[in-house]
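The residues making up each chain are set out below.
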Amino acid sequence: RRVHGDKEFSKKKVIYFERANNYFDEYDKILVVLADNVQSRQLQDIRIALRGKAQVLMGKNTRIRKVLKDRLKDGSERNETLYRKLVTDGLLRMNIGLIFTNGDLSDIKSIVDANKIQAPARVGSVAPLDVIVPAGNTGMEPTKTSFFQALNIGTKITKGTVEILKDEHIIKVGEKVGSSEATLLQMLGIKPFFYGMQILNVYDQGSVYGREVLEMTEEDKRDMFKEGISNITALSLALGFPTKASFPHVFLNGFKNLLAIGVTADFSFPKGEQIIKDIKEGKKAPAAPAPAKSGGAPAAKKEEPKKEEPKEEEEDGDMGFGLFD
């Protein structure tokens, strides 16, 4: 036994505390994972798959809380943030573990999600998905019909064996598995559940977010970034507070204002001289199109036949009414 602080702990606990502290010192990213129904062999396979990329820390939540609480003694902002995000905000609940890494979180997620095993439905376990028994011949003897009757499953005897008449929904997601359901599924050889570590939350250098962020594609991130830039630009323009995002719009609006002054006050400047001239010419010839390098007169001639076409239609309409008169 060793003395750690004011208390005496076993050697095993002291080694655990030292390892946990080393992980919190070395890594900036932590995945909080739920480890319900994860077998020891499966956990070992996950550790092997993550070797060189991440470290897995399992143990009682009280131990992890104590490690984080003891780290507050140094008064560092980093440890205060860790304690607030993981302990105060309640992330260390249920049967959880921590995966420490400095690498790509998407890679770690892929490895964790890939390590799942198929398992039977155990009595008392909560169903992570709906369980449906398919219709068809079960190959079971007629003496086993009592199991089906207990679950209100319609059957018939075909060639000396029990046949299920239609697909039966026997367990709904979120429900606890009963003894009858578990026994029937075992007799039918059905293993409906897949168990593995489930990522609940991610601590990333002081920020905490859910698993759904890791499932975002590059296109999703790009769209969110564009939307954020648009919002910043709109806010900057509304408040009259210049930013990098709003500067092109401010510059363009300023240029338009100078053009307006040039047109109304007979003022000109080198970059806008030609534009102001074209605008003024456009005022003199209303039929002319938007300012362009081509002359105003030819453009006006091009538009004249377009204006005459509807007039001809109106005249044709009058002639039609005249015939009826």
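Residues numbered from 1 in each chain as written. Predicted model: local features only at pLDDT ≥ 70, side-chain atom pairs only at ≥ 80, totals over all residues. Heavy atoms only, no water.

Visitor: Just checking my understanding: could you explain the sheet that holds strand β13 (residues 198-204) for this structure?
Guide: Paired through their backbone hydrogen bonds, the strands of a sheet run either parallel or antiparallel. Pairing within the open sheet is antiparallel, and its five strands lie in the order β4-β5-β3-β13-β14. Each edge of the sheet is formed by a strand with only one pairing partner; in this case those strands are β4 (54-57) and β14 (207-210). Adjacent strand axes in the sheet meet at a mean angle of 25 degrees when their direction is disregarded. Across four bridges, β13 lies against β14 in antiparallel orientation. Bridge pairing in β14 links N201 to G210. (Pairing = 2+ DSSP bridges. Helix = DSSP H or I, 4+ residues; strand = E, 2+ residues; numbered from the N terminus. Axes fitted to C-alpha atoms, helices over the stretch in contact; angles between N-to-C directions.)

Visitor: Quick question: what am I supposed to make of the packing of aromatic side chains here?
Guide: Aromatic rings in a pair are described by how distant their centres are and how their planes are angled relative to each other. By the definition in use, this model includes six aromatic pairs. Seen in terms of ring centroids, Y27 and F100 are 6.3 Å apart; in terms of plane orientation they differ by 45 degrees. Their pairing is tilted. Taken together, the residues span a long stretch of sequence, with Y27 in the loop between α1 (11-26) and β3 (29-34) and F100 in strand β5 (residues 96-101) at a distance of 73 residues. On the accessibility criterion, Y27 (11% relative accessible area) is buried. Take F100: its relative accessible area is 0%, and that puts it in the buried class. Ring geometry for F193 versus Y195: centroids 6.0 Å apart, planes at 65 degrees, classification edge-to-face. Classification of Y195 by relative accessible area gives buried; the value is 6%. Among the aromatic residues, those joined into a cluster by ring pairs are Y23, F24, Y27 and F100. Across the ring face of Y16, the terminal group of R63 is positioned such that the distance to the ring centre comes to 5.5 Å. (Phe/Tyr/Trp six-rings, centres within 6.5 Å; stacked < 30°, edge-to-face > 60°. Buried < 20%, exposed > 50% of the residue type's maximum accessible area, 1.4 Å probe, protein only. Lys NZ or Arg CZ within 6 Å of the ring centre and 35° of its normal.)

Visitor: I'm lost on the side chain of K29 in this one. Help?
Guide: Take K29: it is sitting in strand β3. Here K29 is buried and forms no salt bridge, its nearest opposite-charge partner D204 lying at an N-O distance of 4.9 Å. Polar side-chain contacts of K29 include one of 3.1 Å to the backbone oxygen of G103. In this structure K29 touches I99, F100, T101, N102, G103, L105, Y203, D204 and Q205, once residues within four positions along its chain are discounted. (Lys, Arg positive; Asp, Glu negative; His and termini not counted. Salt bridge = Lys/Arg side-chain N within 4 Å of Asp/Glu carboxyl O. Polar contact = N/O pair within 3.5 Å; in protein donor to acceptor, adjacent residues only side chain to side chain. Contact = heavy atoms within 4.5 Å.)

Visitor: Please clarify how the packing of helix α3 (residues 61-70) against helix α4 (residues 77-88) should be interpreted in this entry.
Guide: Angle between the axes and distance between the axes are the two parameters that describe a pair of packed helices. In the contact formed by α3 and α4, the axes pass within 9 Å of each other and the chain directions differ by 155 degrees. If you check the angle between α3 and α4, you find them roughly antiparallel. Of the two elements, α3 crosses α4, and the hand of that crossing is left-handed. Contacts between α3 and α4 involve R65, L68 and K69 from the former and L82, Y83, L86 and V87 from the latter. Looking at the contact of α3 with α4 residue by residue, the classes come out as five nonpolar, no polar and two charged. (Parallel < 35°, antiparallel > 145°, perpendicular 65-115°, else oblique. Left-handed = near helix turned anticlockwise from the far one by under 90°. Nonpolar A, V, L, I, M, F, W, Y, C, P; charged D, E, K, R; others polar.)

Visitor: I keep staring at the environment of D266 and nothing clicks. Help me out?
Guide: Within the element layout of this structure, D266 appears in the loop between α10 (247-264) and α11 (273-284). On the basis of relative accessibility, which here comes to 65%, the residue D266 falls in the exposed class. In this structure the C-alpha to C-alpha distance between D266 and K280, which are 14 residues apart in sequence, comes to 9.9 Å.

Visitor: Explanation requested: the nonpolar core in the structure shown.
Guide: Generally speaking, soluble globular proteins have nonpolar side chains that are buried together. Formed by 22 residues in total, the largest nonpolar core has its most connected members in F24, I30, L68, L86, L92, L98 and F100. Counting only elements with at least two residues in this core, the list comes to α1, β3, α3, α4 and β5. The contact partners of F24, leaving out residues within four places of it in the chain, are I30, I64, V67, L68, R71, R78, L82, L86, L98 and F100. (Core = buried A, V, L, I, M, F, W, Y, C linked by side-chain atoms within 4.5 Å.)

Visitor: Can you walk me through the packing of α1 against α3 in this structure?
Guide: One can describe the packing of α1 onto α3 by two numbers: an axis separation of 10 Å at closest approach and a directional angle of 60 degrees. Classed by the angle they form, the pair α1 and α3 counts as oblique. Seen along the crossing, α1 lies across α3 with a hand that is right-handed. Listed contacts from α3 to K13, Y16, F17, A20, N21 and F24 of α1 are R63, I64, K66, V67 and L68. Considering only residue class, the contact of α1 with α3 consists of seven nonpolar, one polar and three charged.

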